[in-house]
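# Secondary and tertiary structure notes
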Amino acid sequence: PIEGLSITPSFFYQKLAAGGLPYIDSDPGTDAHYQPVDVAENYKDEFKLGALNIKYTTPVLEVSSTTSYWSRNEPLNQDTTESWTVGLVGSGGPSTYTAAQGGIGASSAIEYNPTHQTTEELRVTSVGDANPKWLIGYFYEDFHSAWNIYFPSQNGAAIYGSNNLFSYFSPMPIYQQSVFGELT
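Scoring rules and cut-offs
- Within every chain, residues take consecutive numbers counted from 1 along the sequence as written.
- Note on the predicted model: pLDDT of at least 70 is required for a residue's local features to be given, and 80 or more for side-chain atom pairs to be given and counted; whole-chain, interface and lining totals, by contrast, use all residues.
- Side-chain figures throughout are based on the complete set of non-hydrogen atoms in the structure, without hydrogens or water.
- Secondary structure elements are defined from DSSP: runs of H or I of at least 4 residues count as helices, runs of E of at least 2 residues count as strands, and each element is numbered from the N terminus.
- Only protein chains enter the calculation, and the probe is 1.4 Å; a residue is then buried if its accessible area is under 20% of its type maximum, exposed if over 50%, and partly exposed in between.
- The contact criterion used is simple: two residues touch if any of their non-hydrogen atoms lie within 4.5 Å.
- Note on areas: Shrake-Rupley with a 1.4 Å probe; residue coverage comes only from the protein chains shown.
- By the counting rule applied here, Lys and Arg register as positive and Asp and Glu as negative, while His and the ends of each chain are not counted.
- By convention, charge coordinates are those of NZ in Lys, CZ in Arg, CG in Asp, or CD in Glu.
- Every case where a carboxyl oxygen of Asp or Glu lies within 4 Å of a side-chain nitrogen of Lys or Arg is listed as a salt bridge.
- The aromatic pairing rule takes the rings of Phe, Tyr and Trp, using the six-membered ring of Trp, and pairs them if the centres are within 6.5 Å, calling planes under 30 degrees apart stacked, those over 60 edge-to-face and the rest tilted.
- Exposure above 30% relative accessible area and the lack of any salt bridge qualify a residue for a patch; like charges then connect within 9 Å, and the nonpolar side chains Val, Leu, Ile, Met, Phe, Trp and Tyr within 5 Å.
- It is the directions from the helix axis to the C-beta atoms whose arc is reported.

Secondary structure assignment for the protein chain yields 2 helices and 8 strands. Mapped in sequence order, the helices and strands of the protein chain form the string β-β-β-β-α-β-β-β-α-β. Counting only C-alpha atoms and orienting by the principal axes, one finds that the protein chain spans roughly 85 × 30 × 25 Å. Within the protein chain, the proportion of its 184 residues that are buried is 28%. By sequence separation, contacts in the protein chain at least 24 residues apart represent 70% of the contacts at least 6 residues apart. Accessible area of the protein chain: about 11700 Å², with a carbon and sulfur share of 58%. Across the protein chain, 7 positive and 19 negative side-chain charges occur, with their mean positions spaced 11 Å apart.

Here it is, written out as structure tokens:
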């Protein structure tokens, strides 16, 4: 061991899987359930977080580094048959749910949102009772999220020329960095 040096790693992992989100298909206050087709609504959520804290203290200064990385993977499938049918009826679409009756049939929202972030903060600070007190540091963040949603239908091609009712892709990178300091 090196005097004045501490190294603290940490890791957290969580994985959830369910047959659907904790929602209920019901008219408010009735607990009545209507579902024109049975679309599986699988849900998974996997989260990982790793961090490393390093601190080195001398009689004159302290150097500290905190680094972390996390990732989250959350694929989700939701039944959107009622939503699309009701919405499309207002724009002249078919007024029936099932493909056999000329409707769009079973439809869903397939969502995928992989997200990850890396951060680092490095600080050098004065120690002891002597004046002046000072601090200098650097911070860095690299965040990425790509929220993708695809809305396929069973029979949309027969009505609209494509089974893809709508697609949404929203990449969101965020990069931040700063240098900071204080003197008192």
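Moving on from the model shown.
This brings us to the pattern of salt bridges. Tallied over the full model, the rule gives 3 salt bridges. Residues Glu74 and Arg72 are paired through a salt bridge, measuring 3.4 Å at the closest nitrogen-oxygen approach. Where Arg123 meets Glu121, a salt bridge forms, and the shortest distance between an N and an O atom there is 2.4 Å. Accessibility expressed as a relative area gives 25% for Glu121, which makes it partly exposed. Shared partners join several salt bridges into a network, and the residues in it are Asp45, Arg72 and Glu74.

As a further point, take the packing of aromatic side chains. All told, the structure shown has 6 aromatic pairs when counted by the stated rule. When the ring of Trp84 is compared with that of Phe151, the centres are 5.6 Å apart and the planes differ by 70 degrees; the resulting orientation is edge-to-face. Taken together, the positions of Trp84 in helix α1 (residues 81-89) and Phe151 in strand β7 (residues 134-152) put the pair 67 residues apart, joining distant regions of the chain. On the basis of relative accessibility, which here comes to 15%, the residue Phe151 falls in the buried class. Pairing Trp147 with Tyr168 gives two aromatic rings, centres 5.4 Å apart and planes at 80 degrees, and the pair type is edge-to-face. Here Trp147 is found in strand β7, whereas its partner Tyr168 is found in strand β8 (residues 164-183), with 21 residues between them in sequence. A relative accessible area of 33% places Tyr168 in the partly exposed class. Of the aromatic side chains, those joined through ring pairs into one cluster are Phe12, Phe47, Trp70 and Phe143.

The subject of this paragraph is the side chain of Ser145. Mapping Ser145 onto the fold places it in strand β7. Residues in contact with Ser145, not counting those within four places in the same chain, are Asn113, Pro114, Thr115, Ser170, Pro171 and Met172.

This paragraph deals with the side chain of Ser71. Of note, Ser71 is situated in strand β3 (residues 61-73). Exposure remark for Ser71: the relative accessible area of 19% places this residue in the buried category. If we ignore the near neighbours within four places in the chain, the residues touching Ser71 are Glu46, Phe47, Lys48, Thr115 and His116.

Among the surface-exposed residues, Ile2, Leu5, Ile7, Leu52, Ile54 and Tyr56 lie close enough to one another that they form a single nonpolar patch of about 500 Å² accessible area. Of all the elements in the fold, those that place two or more residues in the nonpolar patch are β1 (5-18) and β2 (43-57). For the nonpolar patch, the element with the most residues is β2, which contributes 3 residues. Within the secondary structure, Ile7 is located in strand β1.

Let us now look at α1. For α1, every residue scored as buried is listed here: Thr81, Thr85 and Leu88. An end-on view of α1 places all buried positions within 75 degrees of arc, on one side of the element. Away from its buried face, by an angle of more than 90 degrees, α1 presents the exposed residues Ser83 and Val86. Tucked into the core, α1 has its buried residues touching β4 (76-79) and α2 (156-160).

Shape is all these values report; function is a separate question.
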